[in-house]
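# Secondary and tertiary structure notes
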Amino acid sequence: MTRPSTDTSTFSERRLQPRLHHTLSQRPGRYTLLKRHSFPATLKSRLRGRLVLQACNVASIKHTVIAIAALHQTAMTLDNFKRMSLDERGDLSDLSIHHQVAIKQYTKAIRTLREDLASGNLDLRTILISCLVVGCFEGYHGNIPLAFMQLRTGINMLHEWKQGYGDQYIFSWASPNTHIIEDDLVTTFGRLEISTGYAYPEEDETEMIRREQLWNFLSEMPPVFDNLTHARVYLELIFKQMEPCVYDSAPWPNTYPRPKWIERLPERLKYEGASNAVNYCTGPGNIEEQPPNETRESNVPYPAEFLQSDHGSILPDLGLPSEIRDSQDAREIQLILGELKFWQRSFEETMRRPDMKETTGSMMLQMHLQNSFLCAKTYLDDVMLPDQYTYEFIQVVAICKQLLAAFRNGESTNFTLDFGLICPLYICGFKCRVRYIRQEIINLLHDQPRREGFWDSLLAAKVLMWIRDLEEEYAGADVIPEWCRIRPYEVGFYMRTSDGGNATLDEYGREAELLCPQRISPDNFETRERRITVRW
């Protein structure tokens, strides 16, 4: 077997340029990493608390970790992430002491990392961890394209390395050689593929192998998980399988390549009209006390045969018209729902064990499960079909409220690289047209600002407010008519430079233009273009 290449020449130094054009004056400030409890909460986890901390013997990683710790202290004193932006500052002297330390340490980190790359002193493992921490800093700072490029570089390098060990490791989240790269590091970059909506290059010839291996992994899902981490891995594998359902439901900046499956979206137009439910914009109220929607599907227990090894062949009934029930898209959705149902049963059995208890981690998994069900069940019709699942939207929002309350009362940071609350709330805000639920979602995103990887809660709230205003402009008697509803997958999300030009991976600002078509009237199928510019 050919030994896999560990060549690091593809790691572009250009992508490591810090976006600074000023020199910081010396200010007193000192950060030390003496014990695990002083490690930035942004990077806490079994992987990030151990592997990254151990890698702090590398100067560039140490400086970046200190910069993240200082940036975290900066963010915890601000009520608006925009105040961390350096894009329009002519003078950095008014920055807080923590922010100055963060920028100074990050500048040192980039300079040292470029020198190490030029000398060839870094192995693949160190470069991957460097991608992780640099991407974390840029994401925290709100530089979405640059953060994405850092993590995409790591994903590509890891993908090329695994290919050298044979096709059986193309999709695997286990390392083919743990003496070089630990399983935890491979798993983390696998998760980042999901949270970033990563699309493999068009010339990639391993797509069919990747999909087959993914289904094979899912077919081995146990009836009871070992622990929450074990459960999370399998749920994330299902996320990977259902990426079209998730990212079609949540338009986000398009600076990076679009996935191949985006080309199939026009085909979905023929599915619309699968449901005729009418959605009422009911008044405000306590979400936890709202009754189930009368039109939602009944909660029929899943058949016992589902627990057999061929559970993927048990196809839940989506209630679709006969003319599209046997379509390729419908059958794929049914298979995904089968996997989600099996995961749900396994998770419920796991939580019945005497050694298990309800935690924020288990609540997060339950919330993502409900959101995954919503994405899958409404994939074939984003316009009217969501009206059948009002109660499910309520469940997602209620769990998110509990989690945010727990975060406020604990030691949680307002940034993480993990797939957290913002994306599920954003998806629900697009799909759910019930006025008080959508407003509750906007409030949660706006009133407790967070950044999760490339998801910014304030930006998400602004987008949802725009969509809400477009749709409710024509609402009569608290009803949003079908003709004026916005399809999420038709929303264009174009990042701009600071002077309003089209953004590139090398030049961009904190500004985006959103465009979408909206029908002119109930009797006219022609559309007009609606647009808005948002800043964050």
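### Regarding the overall build of the chain
Counting secondary structure elements, the chain contains 16 helices and 6 strands. Partitioning the contacts of the chain with sequence separation of at least 6, the portion at a separation of at least 24 is 73%. Accessible surface computed for the chain: about 23300 Å², of which carbon and sulfur atoms make up 48%.

### What about the confidence of the model for the chain?
Here the chain averages 75 in pLDDT, and 69% of its residues register 70 or above. Per-element confidence in the chain ranges from a low mean pLDDT of 62 for helix 10 (residues 322-325) to a high of 94 for helix 15 (residues 435-447). This model gives residues 32-42 a pLDDT under 50, and the stretch forms 30 contacts once residues within four places in sequence are excluded. Across residues 255-315, where pLDDT falls below 50, the model places 135 contacts with residues more than four positions away in sequence or in other chains.

### Some words on the environment of Asp 469
Looking at the element boundaries, Asp 469 is found in helix 16 (residues 457-472). Of note is the side chain of Asp 469, whose polar atom sits 3.1 Å from the side chain of Arg 468.

### Describing the pattern of salt bridges
Tallied over the full model, the rule gives 19 salt bridges. With a closest N to O distance of 3.3 Å, Arg 433 and Glu 471 form a salt bridge. With Arg 433 in the loop between helix 14 (422-431) and helix 15 and Glu 471 in helix 16, this pair connects stretches of sequence that are 38 residues apart. The exposure class assigned to Arg 433 is buried, which follows from its relative accessible area of 1%. Its relative accessible area of 0% is what places Glu 471 among the buried residues. The closest approach of N and O atoms between Arg 451 and Asp 456, which form a salt bridge, is 2.7 Å. The residues Arg 451 and Asp 456 share a single accessibility class, namely buried. One salt-bridge network, in which partners are shared between bridges, spans Arg 191, Arg 232 and Glu 236.

### Considerations on the packing of helix 2 (residues 59-75) against helix 4 (residues 124-141)
Orientation of helix 2 relative to helix 4, taken along the N-to-C sense of each, is 20°, at an axis distance of 10 Å. With respect to their mutual orientation, helix 2 and helix 4 come out roughly parallel. For the pair helix 2 and helix 4, the sense of crossing is left-handed. For the pair helix 2 and helix 4, the contacting residues are Ser 60, Ile 61, Thr 64, Val 65, Ala 67, Ile 68, Leu 71, His 72 and Ala 75 in the first and Thr 126, Ile 129, Ser 130, Val 133, Val 134, Cys 136, Phe 137, Tyr 140 and His 141 in the second. When grouped by side-chain class, the residues that make up the contact of helix 2 with helix 4 number 12 nonpolar, 6 polar and no charged.

### Describing the packing of aromatic side chains
One pass over the full model with this rule turns up 9 aromatic pairs. Following the ring pairs from residue to residue traces out a cluster consisting of Phe 225, Tyr 234, Trp 343 and Phe 347. The side chain of Lys 377 reaches across the aromatic face of Phe 373, ending 5.1 Å from its centre.

### Observations regarding the packing of helix 6 (residues 183-195) against helix 8 (residues 228-241)
How two helices sit against one another is set out by the angle between their axes and by the gap between those axes. Contact geometry of helix 6 with helix 8 gives a least axis separation of 10 Å together with a crossing angle of 40°. Here helix 6 lies oblique to helix 8, going by the angle between them. The chirality of how helix 6 crosses helix 8 is left-handed. Contacts from Arg 191, Glu 193 and Ile 194 in helix 6 reach Arg 232, Val 233, Glu 236, Phe 239 and Lys 240 in helix 8. Of the residues contributing to the contact of helix 6 with helix 8, the split by class is 3 nonpolar, no polar and 5 charged.

### Quick look at the pairing of strand 4 (residues 492-496)
Counting buried residues along strand 4, 4 of its 5 residues qualify, which places the element largely inside the surrounding structure. One ladder, built from 5 bridges, connects strand 4 with strand 5 (residues 511-521); its direction is antiparallel. Counterpart to Arg 496 in the pairing with strand 5 is Glu 511.

### Some thoughts on the pairing of strand 6 (residues 524-535)
Alignment of strand 5 against strand 6, held across 10 bridges, turns out to be antiparallel. Within strand 6, the position partnered with Gln 518 by the bridge is Arg 528.

### Quick notes on the sheet that holds strand 5
In spatial order, the strands read 4-5-6; together these 3 strands make up an open sheet with antiparallel pairing. Edge positions in the open sheet fall to strand 4 and strand 6, since each of these has one partner strand only. Across the sheet, the mean angle separating the axes of adjacent strands is 25° when strand polarity is ignored.

### Some details on helix 11 (residues 328-351)
With 24 residues, helix 11 should reach 34 Å at 1.5 Å per residue; the first-to-last C-alpha distance of 35 Å fits that figure. With 17 of its 24 residues buried, helix 11 lies for the most part within the structure.

### Focus: the nonpolar core
If you look at the biggest cluster of nonpolar residues, it comprises 136 residues, and the most contacted ones within it are Met 242, Trp 252, Leu 340, Trp 343, Tyr 426 and Trp 455. Ranked by residues supplied to this core, first place goes to helix 4 with 11 residues. Once residues within four sequence positions are removed from consideration, Tyr 426 is found in contact with Ala 250, Pro 251, Trp 252, Trp 455, Ala 460, Val 463, Leu 464 and Phe 493.

### Considering the sheet that holds strand 3 (residues 455-456)
One open sheet accounts for 3 strands, arranged 1-2-3; its pairing is mixed. Two strands close off the open sheet at either side, each with one partner strand: strand 1 (415-416) and strand 3. The pairing of strand 1 with strand 2 (residues 451-452) spans 2 bridges and is parallel. Each bridged residue has a counterpart across the sheet, and for Thr 416 the counterpart in strand 2 is Glu 452.

Cut-offs and rules
Residues numbered from 1 in each chain as written. Predicted model: local features only at pLDDT ≥ 70, side-chain atom pairs only at ≥ 80, totals over all residues. Heavy atoms only, no water. Helix = DSSP H or I, 4+ residues; strand = E, 2+ residues; numbered from the N terminus. Contact = heavy atoms within 4.5 Å. Areas by Shrake-Rupley, 256 points an atom, 1.4 Å probe, with all protein chains shown as cover. pLDDT = per-residue confidence, 0-100. Polar contact = N/O pair within 3.5 Å; in protein donor to acceptor, adjacent residues only side chain to side chain. Salt bridge = Lys/Arg side-chain N within 4 Å of Asp/Glu carboxyl O. Buried < 20%, exposed > 50% of the residue type's maximum accessible area, 1.4 Å probe, protein only. Axes fitted to C-alpha atoms, helices over the stretch in contact; angles between N-to-C directions. Parallel < 35°, antiparallel > 145°, perpendicular 65-115°, else oblique. Left-handed = near helix turned anticlockwise from the far one by under 90°. Nonpolar A, V, L, I, M, F, W, Y, C, P; charged D, E, K, R; others polar. Phe/Tyr/Trp six-rings, centres within 6.5 Å; stacked < 30°, edge-to-face > 60°. Lys NZ or Arg CZ within 6 Å of the ring centre and 35° of its normal. Pairing = 2+ DSSP bridges. Expected span 1.5 Å × (residues − 1). Core = buried A, V, L, I, M, F, W, Y, C linked by side-chain atoms within 4.5 Å.

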